[in-house]
Amino acid sequence: MTFSLIANLPLPAVIAGFLICTLIIASAGAQLAERCDVIADRTGWGEALVGAVLLGAATSLPGIITSVATAAQGFPALSSSNAVGGIAVQTAFLAIADLVYRRANLEHAAASLANITEGALLLAMLAIPLVTYSGPDFTIAGIHPSTIVMLAAYGFGLQLVRRARTAPMWTPEMTRETQEDEAEGAPEANGETPGAPPWTSFALLALLTGLAGFGISQFAVVLADRTPLSEVAIGGLFTGIATSLPELVTSIAAVRRGALTLAVGGILGGNAFDTLFLSFSDIAYRGGSLYHAMPTGAVFTISMSILMTAVLMLGLLRRQRVGFAGIGFESALILAFYAVTVGVLFF
């Protein structure tokens, strides 16, 4: 019903609705990092784990709803392009956050075994769809077996992230610029009101971003049908960026709060969770294997996301204090690689 109502709107109204949903997502996402930082401190779970699970999942809601809704409506190219396009742009967002943090390169200050583990998990999760795309096209009850493999791999990877924080086998060398992942102390000492973690406000903000994400999906289908732009361009660029704005806002907010591990963990953890968009969309898509319905543009974006993530992990391992123009070599390369991705998808 929602789709039919939107389909009858004039094109300017459709564009306006898309932009309004985008603003709602950005506005609600601006407050999620603050809530997650407080939750990390009051529960003692740590910024890396909270960033990977709570912040990553909450800010991913608009994207997952967009991908699943469009897959269920029979638009696999739009669905898969939105999923992988969000991963690419969110990695670029981390380079933008590096520009905001001026004391040192973000990858130097936020080095942790948990974040590196999340990066390795992300590389593995991105490789599975590529292997599936190149393999035989078959399904069981309309679902490709790789969907189950990805869900299991993500659950196992989260256990590795947790162990990397609680029982690390090695730790990064601490410097003056390194920000440790530790609780900031009692709420009273930080000028906060004592009490339970802000779960209610966190849940409401997550719900709001999810509803706006559904709106994005419906407006995107109309745009793909009534404009010259392809589903790959709309999904990989427009909806991918729009549904990923919470990651940009929360990363910058976390950096300004000094929660550097949360910022990096939120992006890497969120990207690892975002690979599951393809799994959930494969379940929703009734036309066969979603992985084999991916357009070449989506496959190219996955490949570039692997390259960008590998460069980011090299930055976390090398830990360059200050680089060209105040950012690390990895941030400059990531921005360049994303520019190439945008050019290929758009033109």
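Source: prediction; values computed, not measured.

Caption draft 1: How the structure looks around the overall build of the chain. Each helix and strand in the chain was counted, giving 14 helices and zero strands. For the chain, the N- to C-terminal ordering of α and β elements is α-α-α-α-α-α-α-α-α-α-α-α-α-α. In the chain, which comprises 347 residues, the proportion classed as buried is 56%. Considering only contacts in the chain between residues 6 or more positions apart, those separated by 24 or more positions represent 85%. For the chain, the exposed area adds up to about 13,700 Å²; of that, 69% sits on carbon and sulfur atoms.

Caption draft 2: Local environment of unusual backbone geometry. One non-glycine residue, A141, adopts positive backbone phi at about 60°. Within the secondary structure layout, A141 lies in the loop between α6 (113-134) and α7 (145-166). Residue A141 is classed as exposed on the basis of its relative accessible area of 67%.

Caption draft 3: Here's a closer look at the nonpolar core. Residues Y154, L278 and Y338 are the most contacted members of the largest nonpolar core, which totals 50 residues. Take this core: its biggest share by element is nine residues, from helix α4 (residues 76-100).

Caption draft 4: Main features of the packing of α4 against helix α9 (residues 231-242). Relative orientation of the contacting elements α4 and α9 amounts to 45°, with a least axis distance of 7 Å. Classified by the angle between their axes, α4 and α9 sit oblique to one another. α4 and α9 meet at a crossing whose hand is right-handed. Contact residues: A77, L78, S81, N82, G85, G86 and V89 in α4; E231, V232, I234, G235, G236, T239, G240 and I241 in α9. Looking at the contact of α4 with α9, its residues break down into six nonpolar, eight polar and one charged.

Caption draft 5: Representation of the side chain of S244 within the structure. Structurally, S244 can be placed in the loop between α9 and α10 (245-257). In contact with S244, not counting residues within four places along its chain, are G86, V89, Q90 and F93.

Caption draft 6: Molecular detail of the packing of aromatic side chains. Overall, the coordinates contain two aromatic pairs when judged by the stated rule. Arranged with centres 5.9 Å apart and planes meeting at 65°, the rings of Y154 and F273 form a pair that is edge-to-face. With a gap of 119 residues between them, Y154 in helix α7 and F273 in helix α11 (residues 260-274) connect regions that are remote in the sequence. On the accessibility criterion, Y154 (9% relative accessible area) is buried. Owing to a relative accessible area of 16%, F273 belongs among the buried residues under this scheme. Here the aromatic residues Y154, F273 and F277 are joined through ring pairs into a cluster of three or more.

Caption draft 7: Structural context of α9. Extensive coverage of α9 is indicated by the burial of nine of its 12 residues. Residues of α9 that are buried include every one of V232, A233, I234, G235, G236, L237, T239, G240 and A242, and no others.

Caption draft 8: Molecular detail of the packing of helix α13 (residues 296-318) against helix α14 (residues 329-346). Orientation of α13 relative to α14, taken along the N-to-C sense of each, is 175°, at an axis distance of 9 Å. The angle between α13 and α14 falls in the class roughly antiparallel. From α13, G297, F300, T301, M304, L307, M308, V311, L312, L314, G315 and R318 reach across to α14, where they touch F329, E330, L333, I334, F337, Y338, V340, T341, V344 and L345.

Caption draft 9: Here's a closer look at empty space enclosed by the protein. This model, assessed by the stated rule, comprises two cavities of 30 Å³ or more. Within this model, the second largest cavity holds a volume of roughly 30 Å³. Taken together, T59, S60, G63, N82, G86, Q90, T243, S244, E247, D274 and F277 make up the lining of the second largest cavity. Secondary structure elements with two or more residues in the lining of the second largest cavity: α3 (47-72) and α4. Along the lines of polarity and charge, the residues of the lining of the second largest cavity split into one nonpolar, eight polar and two charged.

Caption draft 10: Representation of the environment of V340. With respect to the element layout, V340 can be found in helix α14. We classify V340 as partly exposed; its relative accessible area is 45%. Here V340 is in contact with F300 and M304, once residues within four sequence places are set aside.

Caption draft 11: Highlighting the confidence of the model for the chain. Of all residues in the chain, 82% attain a pLDDT of 70 or more, and the chain-wide mean is 82. Ignoring residues within four places in sequence, the model shows residues 183-194, a span with pLDDT below 50, making 15 contacts including any to other chains.

Caption draft 12: Here's a closer look at the environment of F219. Turning to its location among the elements, F219 is positioned in helix α8 (residues 199-226). Taking C-alpha positions, F219 is 9.9 Å from L9, a pair spaced 210 residues apart along the chain.

Caption draft 13: Quick look at the environment of G270. By secondary structure assignment, the location of G270 is in helix α11. For G270 and S244, which are 26 residues apart along the polypeptide, the C-alpha to C-alpha distance reads 9.8 Å.

What counts, and at which threshold
- Per chain, residue numbering runs from 1 following the sequence as it is written.
- Under the rules for a predicted model, residues below a pLDDT of 70 receive no local features and side-chain atom pairs below 80 are neither given nor counted, while totals for whole chains, interfaces and linings still include all residues.
- Water and hydrogen atoms play no part in the side-chain values, which are based on all heavy atoms of the structure.
- Under the DSSP-based scheme used, a helix requires at least four consecutive residues in state H or I and a strand at least two consecutive residues in state E, with every element numbered from the N terminus.
- Working definition: with a 1.4 Å probe on protein chains only, accessible area under 20% of the residue-type maximum means buried, over 50% means exposed, and in between means partly exposed.
- In this analysis, two residues are considered to be in contact whenever any of their non-hydrogen atoms come within 4.5 Å of each other.
- In short, Shrake-Rupley with a 1.4 Å probe defines the accessible areas, and a residue's cover is counted only from the protein chains shown.
- In these notes, a set of buried Ala, Val, Leu, Ile, Met, Phe, Trp, Tyr and Cys residues joined through side-chain atoms within 4.5 Å is what counts as a nonpolar core.
- The convention used is that axes are lines fitted to C-alpha atoms, helices contributing only their stretch in contact, and that angles between N-to-C directions extend from 0 to 180 degrees.
- An angle counts as roughly parallel when it lies under 35 degrees, as roughly antiparallel when it exceeds 145, as roughly perpendicular when it falls between 65 and 115, and as oblique in every other case.
- If you view the pair so one helix is near and one far, a crossing is left-handed when the near helix is turned anticlockwise from the far one by less than a right angle, and right-handed when it is turned clockwise.
- Following the grouping adopted for this structure description, the nonpolar residues are Ala, Val, Leu, Ile, Met, Phe, Trp, Tyr, Cys and Pro, the charged ones are Asp, Glu, Lys and Arg, and the polar ones are all others, Gly among them.
- Note on aromatic contacts: the rings of Phe and Tyr and the six-membered ring of Trp form a pair at centre separations within 6.5 Å, being stacked when their planes are under 30 degrees apart, edge-to-face when over 60 apart, and tilted otherwise.
- A pocket, in this scheme, is an open set of points on a 1 Å grid over the protein atoms alone with protein on both sides within 12 Å along at least 5 of 7 lines, while a cavity is a set where a 1.4 Å probe fits but cannot get out; residues line either one if an atom lies within 4 Å of a point.
- Grid points are joined across faces, edges and corners, and a volume is the space filled by probe spheres set on the points.
- Residue-level confidence of the predictor is summarised by pLDDT, bounded by 0 at the bottom and 100 at the top.

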